[in-house]
Amino acid sequence: MKKFSGLLLMGCSALALAGCGADDISSPGNGGVIINPTPTPSPTPTPGTGTVVAADSCPTFAATGGLTNDGTISGPEGTWRVCTLPALIDKNASLPKVAGVVYRINGRVDVGCDGGFSAPTAAAPFTTTTATCGNRSLTADTNATLTIDPGVILFGENTAEAGWLVVNRGNKIDAQGTATSPIIFTSRANVTGTANESSMGQWGGIVLLGRGIVTDCNYGSTTANTCERDTEGAVNKAVFGGRDNAYNAGIMKYVQIRYSGYLLSEGKELQALTTGGTGSGTTLEYIQTVNSSDDGAEFFGGKVQMKHYVAVNADDDSLDIDTGLEGYFQYVLLLQRSGGGDALMEIDSNGNEENQPRQKTVVANFTAVQPASSSNNEANDLASVLIRGNSDITWVNGVLATPNNECLRVHGTGTTPATLKAYSTVLSCNAAKYQSTGSYATGSVNAASLFATGTNSNNDALTSTLTNSFVNGANESGVAGYANIKTLSSYFDAVTYIGAVKDASDTWYRGWTCDTTTAPFGSGKSCTTLPTT
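Thoughts on the pattern of salt bridges
Any two side chains of opposite charge can pair, given that their charged atoms come close. Throughout the structure, instances matching the rule amount to 15 salt bridges. A salt bridge links R169 to D114; the nearest nitrogen and oxygen atoms lie 2.7 Å apart. Here R169 is found in the loop between strand 11 (164-167) and strand 12 (172-176), whereas its partner D114 is found in the loop between strand 6 (108-111) and strand 7 (126-127), with 55 residues between them in sequence. For the pair R169 and D114, one class covers both residues: buried. One salt bridge connects E326 with K303, and the closest N-O pair in it is separated by 4.0 Å. In this pair, E326 is assigned in strand 25 (residues 326-335) and K303 in strand 23 (residues 303-312), connecting sequence segments 23 residues apart.

Dropping the structure here:
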């Protein structure tokens, strides 16, 4: 079984790995991360060389136990006070922006206790499976919200269980940065100044769990509408799923997630951002993931609406979508380092095609760039995009630039294989362009026929003229955007152009992002450094 490119439950191994869910859900990352490492002592901090001066103490934090003052940490920006989050955030609590403070995620940090498939009541209590909550019987959701102020920096540890943050069902996150003061989740190495352009897999990631509809069940069934899944990668249970595709797990806006993705055991790895069963009530906008050793982001089931997503240097897939997702993504930049990573998009898993609902996802105004093929891709997804399983995918206003690789592979299993519809989408591929495997290897329906170049303003032979790696050039600007995009979802903005970035005057990606050699956004802030104000 290939890795469920996300956090696939280590705890599932105790239940027998064969019961973990869908086969061949996604391909492994290739980041050279450590499997179950023995924790090593932190090096003695060296004097800071920058302007940051450590705060005298940690701020007040309302959750039980508060923040732990763990001394100072030094790096090129100066010296910071380290304030460690408790393992359980059991009530509404806020992390303020305080000069000279960084917040530490040491191991798994839970926001609230899991409230189960549906909100518990006195008449129908739920015994939570969140380990930090004990065996508490809940008669209502714990309704804890973690609020993170603009400009806050948090770093995850790289220990036996990597630092990672999980927002359990019945709880929320409120992480709202600003265009000039984003929230940064990163690694210890980034704080000490030892992270570089190739660093990855240095801590866990962010996980949002909800009560949306999922498939490929670990518990219950899709026929009885009782399906739930385990979060892959977790030592202890972190369950998601329900019947509420409007579920609200909170808000993340103007957020960077750097150097994440942590291999807990073979085939079970965290990625930068994971959602499991979140719904349309959840707000996801202006999110950048950088150098994840697994996926840039993976979305399991529920209903996800997301705008302004930027994935840079993912070592597995830049966008991974799965298990009955109803997804709507607009303004998407998927940028892989040359010769690195697997697929720009990996869609669904093999088998389970009888599960309802089928995945229904629309990706709009995307620019996806893979400069060269990689050994990772050649060993796994075999093309820059892999579409398979129980999914119905729509591309609209898309630019896929992968001149040294096949653009699209479709893989069919069973009698109801994946489908693709494309509108105003252009491809720049190698000479082969397509691969059709499994049940798509024979017959008239294949990758080429699904994309249907020459119809719906699609073109699989565009000469890419992208500037600055991802900004529309003359050839991209010559293709009109799909006029009826609002019929695909009222969530989408009606635009007249293809791609994520209209032209040089369109700079929505600048300022709140950090820069790498792969993606020079012009923000003036390298991803290997931290802001000092």
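Quick word on the nonpolar core
Ranked by internal contacts, the top residues of the largest apolar core, which has 74 residues, are F185, M252, F299, W395 and L408. If you tally residues by element for this core, the top one is strand 23, at 4 residues.

As for the state of the cysteines
By the definition in use, this model includes 5 disulfides. Here C113 pairs with C133 through a disulfide, and the sulfurs are 2.0 Å apart. With the S-S bond torsion at -100°, the cross-link from C113 to C133 turns out left-handed. Linking C113 in the loop between strand 6 and strand 7 with C133 in the loop between strand 7 and strand 8 (137-138), this pair joins segments that are 20 residues apart in sequence. Each member of the pair, C113 as well as C133, is classed as buried. Here C514 connects covalently by a disulfide to C527, the sulfurs 2.0 Å from one another. Every disulfide takes its handedness from the sign of the S-S torsion; for C514 and C527 that torsion is 95°, giving right-handed.

Re the environment of C83
Tracing the backbone through its elements, the reader meets C83 in strand 2 (residues 78-84). Ignoring sequence-local partners within four residues, the contact set of C83 consists of C58, P59, L67, T68, V101, V102, Y103 and R104.

Some words on the packing of aromatic side chains
Working definition: an aromatic ring pair is given by the centre-to-centre distance plus the angle between the planes. Under the definition given, this model contains 13 aromatic pairs. Ring plane angle 50° and centroid distance 5.3 Å describe the contact between F470 and F521, whose orientation is recorded as tilted. Pair noted here: F470 is in the loop between helix 4 (447-451) and helix 5 (474-477) and F521 is in the segment after helix 5, with a separation of 51 residues, a long-range link. Assigned by exposure class, F470 and F521 land together as buried. Feature note: the residues F470, W508, Y509 and F521 constitute an aromatic cluster, connected by ring pairs. We note K307 situated over the ring of Y491; from NZ or CZ to the ring centre the distance is 4.5 Å.

Structural notes on the pairing of strand 5 (residues 101-105)
In terms of burial, strand 5 is a largely internal element, 5 of the 5 residues being buried. Here strand 5 shows two buried faces, one formed by V101, Y103 and I105 and the other by V102 and R104. Here strand 2 pairs with strand 5 via 4 bridges, running parallel. The residue bridging V82 from the neighbouring strand is V102, located in strand 5. Here strand 5 pairs with strand 10 (residues 153-156) via 3 bridges, running parallel. Bridge pairing links R104 to F155 in strand 10.

Description of the pairing of strand 27 (residues 359-369)
For strand 27, the tally of buried residues reaches 10 of 11 residues, placing the bulk of the element in the interior. Across 9 bridges, strand 25 lies against strand 27 in parallel orientation. Note on strand 27: the bridge partner recorded for L334 is A368. Across 10 bridges, the pairing between strand 27 and strand 29 (residues 391-401) is parallel. The residue of strand 29 that forms the bridge with F366 is G398.

Describing the side chain of Q271
Considering the arrangement of structural elements, one finds Q271 in the loop between strand 19 (268-269) and strand 20 (273-276). A polar atom in the side chain of Q271 sits 2.4 Å from the side chain of T274.

Comments concerning the sheet that holds strand 28 (residues 385-388)
The sheet built from 11 strands is open, its strands ordered 3-6-11-14-20-22-24-26-28-30-33 with parallel pairing. Edge positions in the sheet fall to strand 3 (88-89) and strand 33 (434-438), since each of these pairs with one other strand and no more. As paired elements, strand 3 and strand 6 share 2 bridges and run parallel to each other. Considered in strand 6, the bridge of I89 is made with V111.

Analysis parameters
Residues numbered from 1 in each chain as written. Predicted model: local features only at pLDDT ≥ 70, side-chain atom pairs only at ≥ 80, totals over all residues. Heavy atoms only, no water. Salt bridge = Lys/Arg side-chain N within 4 Å of Asp/Glu carboxyl O. Helix = DSSP H or I, 4+ residues; strand = E, 2+ residues; numbered from the N terminus. Buried < 20%, exposed > 50% of the residue type's maximum accessible area, 1.4 Å probe, protein only. Core = buried A, V, L, I, M, F, W, Y, C linked by side-chain atoms within 4.5 Å. Disulfide = S-S within 2.5 Å. Contact = heavy atoms within 4.5 Å. Phe/Tyr/Trp six-rings, centres within 6.5 Å; stacked < 30°, edge-to-face > 60°. Lys NZ or Arg CZ within 6 Å of the ring centre and 35° of its normal. Pairing = 2+ DSSP bridges. Polar contact = N/O pair within 3.5 Å; in protein donor to acceptor, adjacent residues only side chain to side chain.

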